[in-house]
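Letter by letter, the chains look like this.
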Number of protein chains: 2
Amino acid sequence: MEKEIEYKNIPLFEGISEENLTRLLYCINSFKREYEKGETIILEKDKVPYIGIVLSGSVHMLKNDIWGNSTLLSYVTEGELFGENFAVMKIPESSVTFQAASHTKVLFLAASKIIHTCENACSFHAQIAENMFNLLGRKSISFMNKIEIMSKENIRGKLLAYISMLAQQQKSKYVITPLSRTQLAEYLSVNRSAMTRELSKMRDEGIIDFDRDTFVIK
Amino acid sequence: MEKEIEYKNIPLFEGISEENLTRLLYCINSFKREYEKGETIILEKDKVPYIGIVLSGSVHMLKNDIWGNSTLLSYVTEGELFGENFAVMKIPESSVTFQAASHTKVLFLAASKIIHTCENACSFHAQIAENMFNLLGRKSISFMNKIEIMSKENIRGKLLAYISMLAQQQKSKYVITPLSRTQLAEYLSVNRSAMTRELSKMRDEGIIDFDRDTFVIK
DNA sequence: TTCAATCTGTTGCAATTGCAACACACTAAG
DNA sequence: CTTAGTGTGTTGCAATTGCAACAGATTGAA
């Protein structure tokens, strides 16, 4: 759990040889930091000239409104990026809060070094830019998936859409959610007790089965 | 209404001189097409190696599920891009349908020419790549905004969040929505009649006022 | 203009959801 | 081990929403 992902397995670095990667990390000002569970990584309104890569643990993207309601917009796990949507903007200011969901290690890279062509004309710069385009597209698509889940007319529809999405990602009937019940309710924007009520009802009707964080659609 | 946006006002082309733009459009295989209201531009599962730029009219991004329910995921208007999230992927396949919401003119550009460095080493290639990064970030953020709107606990909250978002975009108290009532209900994923009921109630309570497609929060 | 098709607002009723309160797990710190 | 704090499942009740049916308004084509 505490083990970091190997750099060669990070999607942003795909297609870059290990020797070049060492040079790259030097060329792109990069640094590492660790966060405790619950610690804030980036606060709403913060300037974010850096792209974060989760080396271990996971990061939650949260939005708090004026009335104190908190929403879990999305979450990222090992190897994935966060803050990149803001970092690639002209004025890189975050409109959300990023928080460590567990003990988390993060590698930060200066976004400007990826967006702008390198003065040294590193051969691998083109590769990382291309990977970055890919990942920005992928991130948008994952947001679209969440919109699709939330667009379901009732709690049952949302749960089924969420579990189906996980099944597709995990390529298995048996899926594991990284979210607690309370967090899942916050993620789907439904009342927690109404959600557990619906889960029980769906199990009684034989539509799904679950044990703790593992779900199956039958 | 039928007039096309000028190329120099398209965000993707920002910072590129008009002479260079002519060369660019030649370098990047580009072509124009027109669509009738309601016509499908890109169907789910279609390959989309092209980025679309709306020159006039507007485009709706739709998702249809197995049971025939349709959701309006997002919409883009003059000068904005669509399909770019899929086009920048390694396997550029759309997971949604794009449809002309009115009579619409579209300029298509080959995404590969933007993502990969140009063989001719056009000086303005770096500029368009940078603009593309910006716009991909912006698109992600607009999806996050929609998630935030949909995360509101009831119809009233969703409507207020939507109108507030428009007010921020249009920098005015008086906002105009490009969506019909039926479309707005589909966009917010709520029942149409329940939505008009809530709108009336909010007007009665003096919270908002509206006339046709114009809204004010009081 | 005329007419059909679609959009819009309204309302009563049924279903779903949120709320609040509670008991019982589980977790982490002392 | 003990204990406080937090997460989870349950339930009755109230509020919100969806559904269906309808009438009037609006739109677009002939």
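Residues numbered from 1 in each chain as written. Chains lettered and ligands numbered in written order. Predicted model: local features only at pLDDT ≥ 70, side-chain atom pairs only at ≥ 80, totals over all residues. Heavy atoms only, no water.

J.: Hey, could you run me through the relation of the copies chain B and chain A in this one?
T.: The relation between the two copies of this chain is a rotation about an axis and a shift parallel to it. It takes a turn of 180° to lay chain B on chain A, together with a shift of 0.0 Å along the axis; the resulting RMSD is 0.0 Å. Within this description, the copies of the chain are treated as partners about a two-fold rotation axis. Using C-alpha coordinates, one finds that chain B approaches the rotation axis most closely at B:Ser140, a distance of 2.5 Å. A high fraction, 100%, of the interface residues of chain B reappear at the interface in chain A, so the copies pair face to face through one surface. (Least-squares fit on C-alpha atoms with pLDDT ≥ 70 in both. Contact = heavy atoms within 4.5 Å.)

J.: Would you explain the sheet that holds strand β9 (residues 174–176) of chain A in this entry?
T.: Sheet strands line up and pair through hydrogen bonds in the backbone, either parallel or antiparallel. All names here are of chain A. Pairing within the open sheet is antiparallel, and its three strands lie in the order β9-β11-β10. Looking at which strands have only one partner, the edges of the open sheet turn out to be β9 and β10 (208–211). This sheet shows a mean twist of 25° between the axes of neighbouring strands, independent of strand direction. Pairing between β9 and strand β11 (residues 214–217): three bridges, direction antiparallel. Along β11, the bridge assignment pairs Ile-176 with Thr-214. (Pairing = 2+ DSSP bridges. Helix = DSSP H or I, 4+ residues; strand = E, 2+ residues; numbered from the N terminus. Axes fitted to C-alpha atoms, helices over the stretch in contact; angles between N-to-C directions.)

J.: What's the story with the packing of helix α4 (residues 125–150) of chain B against helix α5 (residues 155–170) of chain B in this structure? I'm lost.
T.: When two helices pack together, their arrangement is given by the angle between the helix axes and the distance between those axes. All names here are of chain B. Here α4 crosses α5 at 150°, and the two axes come no closer than 8 Å. By the angle between their directions, the pair α4 and α5 is classed as roughly antiparallel. Along its contact with α4, which presents Asn-145, Ile-149 and Met-150, the element α5 presents Lys-158, Ala-161, Tyr-162 and Met-165. Each residue belonging to the contact of α4 with α5 can be placed in one class, and the counts come to five nonpolar, one polar and one charged. (Parallel < 35°, antiparallel > 145°, perpendicular 65-115°, else oblique. Nonpolar A, V, L, I, M, F, W, Y, C, P; charged D, E, K, R; others polar.)

J.: In this structure, what is going on with the pattern of salt bridges? I would like to understand it.
T.: Any two side chains of opposite charge can pair if their charged atoms end up close together. Residue and element names in this part refer to chain A. This structure, assessed with the given rule, holds 26 salt bridges over all chains. A salt bridge links Glu-44 to Lys-63; the nearest nitrogen and oxygen atoms lie 3.5 Å apart. Of this pair, Glu-44 sits in the loop between β2 (40–42) and β3 (50–56) while Lys-63 sits in strand β4 (residues 58–64), and the two are 19 residues apart along the sequence. Take Glu-44: its relative accessible area is 25%, and that puts it in the partly exposed class. (Salt bridge = Lys/Arg side-chain N within 4 Å of Asp/Glu carboxyl O. Buried < 20%, exposed > 50% of the residue type's maximum accessible area, 1.4 Å probe, protein only.)

J.: Would you mind going over the pairing of strand β5 (residues 70–77) of chain A with me for this structure?
T.: Sheet faces and side chains relate simply in a regular strand, where the side chains alternate between the two faces. All names here are of chain A. Counting buried positions over the eight residues of β5 gives six, a clear majority of the element. Note: β4 against β5, seven bridges, orientation antiparallel. The partner of Met-61 across the bridge, within β5, is Ser-74. The hairpin formed by β4 and β5 contains five residues between the paired strands, and Gly-68 there has a positive phi angle of roughly 85°.

J.: Where do I start with the protein's contact with DNA strand D in this structure?
T.: In the vicinity of DNA strand D lie 17 residues, with A:Thr182, A:Ser200, B:Asn154, B:Ile155 and B:Asn191 positioned nearest. The sugar-phosphate portion of DNA strand D accounts for 53% of its atoms within 4 Å of the protein, the bases making up the rest. B:Asn191 places a main-chain nitrogen or oxygen 2.8 Å from a phosphate oxygen of DNA strand D. Contact between DNA strand D and B:Arg212: a phosphate oxygen at 3.2 Å from a side-chain N or O atom of the residue. Listing elements by their share of the surface near DNA strand D, those giving two or more residues are α6 (181–188) and α7 (192–204) of chain A together with α7 (192–204) of chain B. The element that contributes the greatest number of residues to the surface near DNA strand D is α7(A), accounting for five residues. For the surface near DNA strand D, the residue count by class is three nonpolar, eight polar and six charged. (Near = heavy atom within 4 Å. Polar contact = N/O pair within 3.5 Å; in protein donor to acceptor, adjacent residues only side chain to side chain.)

J.: Whenever I open this one, the packing of aromatic side chains confuses me. Can you help?
T.: Between two aromatic rings, the relevant description is the distance of the centres plus the angle of the planes. Following the criterion strictly, the structure yields 21 aromatic pairs over all chains and no others. Note on B:Phe82 and B:Phe98: the rings are 5.3 Å apart at their centroids and 45° apart in plane angle, and the pair reads as tilted. With B:Phe82 in strand β6 (residues 81–82) and B:Phe98 in strand β7 (residues 97–100), this residue pair connects regions lying 16 residues apart in the sequence. Each member of the pair, B:Phe82 as well as B:Phe98, carries the same accessibility label: buried. A connected cluster of aromatic rings, assembled from ring pairs, spans A:Phe31, A:Tyr50, A:Phe82, A:Phe86, A:Phe98 and A:Phe108. Residue placement shows B:Arg203 over the ring face of B:Phe210; its charged tip is 4.0 Å from the ring centre. (Phe/Tyr/Trp six-rings, centres within 6.5 Å; stacked < 30°, edge-to-face > 60°. Lys NZ or Arg CZ within 6 Å of the ring centre and 35° of its normal.)

J.: What should I look at first to understand the sheet that holds strand β5 (residues 70–77) of chain B in this one?
T.: Residues and elements named next belong to chain B. Pairing is antiparallel in the open sheet, where four strands are placed in the order β2-β7-β4-β5. Taken across any chain shown, the strands that pair with only one partner, and hence form the sheet edges, are β2 (40–42) and β5. Neighbour-to-neighbour, the strand axes of the sheet open up by a mean angle of 35°, direction not taken into account.

J.: When you look at the nonpolar core in this model, what are you seeing that I'm missing?
T.: As a rule of thumb, soluble globular proteins bury nonpolar side chains together. Counting 54 residues, the largest nonpolar core has A:Leu12, A:Phe13, B:Leu12 and B:Phe13 as its most contacted members. In contact with A:Leu12, not counting residues within four places along its chain, are A:Ile53, A:Leu81, A:Leu109, A:Ile114, A:Ile128, A:Asn131, A:Met132 and A:Leu135. (Core = buried A, V, L, I, M, F, W, Y, C linked by side-chain atoms within 4.5 Å.)

J.: What is the right way to look at the packing of helix α4 (residues 125–150) of chain A against α4(B) in this model?
T.: Relative orientation of the contacting elements α4(A) and α4(B) amounts to 15°, with a least axis distance of 10 Å. In this view, α4(A) runs roughly parallel relative to α4(B), as classed from their interaxial angle. Crossing of α4(A) against α4(B): the hand is left-handed. Contacts between α4(A) and α4(B) involve A:Ala129, A:Met132, A:Phe133, A:Leu136, A:Lys139, A:Ser140, A:Phe143, A:Met144, A:Lys146, A:Ile147 and A:Met150 on the former and, on the latter, B:Ala129, B:Met132, B:Phe133, B:Leu136, B:Lys139, B:Ser140, B:Phe143, B:Met144, B:Lys146, B:Ile147 and B:Met150. Along the lines of polarity and charge, the residues of the contact of α4(A) with α4(B) split into 16 nonpolar, two polar and four charged. (Left-handed = near helix turned anticlockwise from the far one by under 90°.)

J.: Is there a simple way to explain the pairing of β4(A) in this structure?
T.: All names here are of chain A. Where burial is concerned, most of β4 is hidden: six out of the seven residues are buried. Sheet analysis places β4 next to strand β7 (residues 97–100), joined by four bridges and oriented antiparallel. Across the sheet, Met-61 pairs through a bridge with Phe-98, a residue of β7.

Read these as layout, nothing more, since geometry by itself doesn't imply function.
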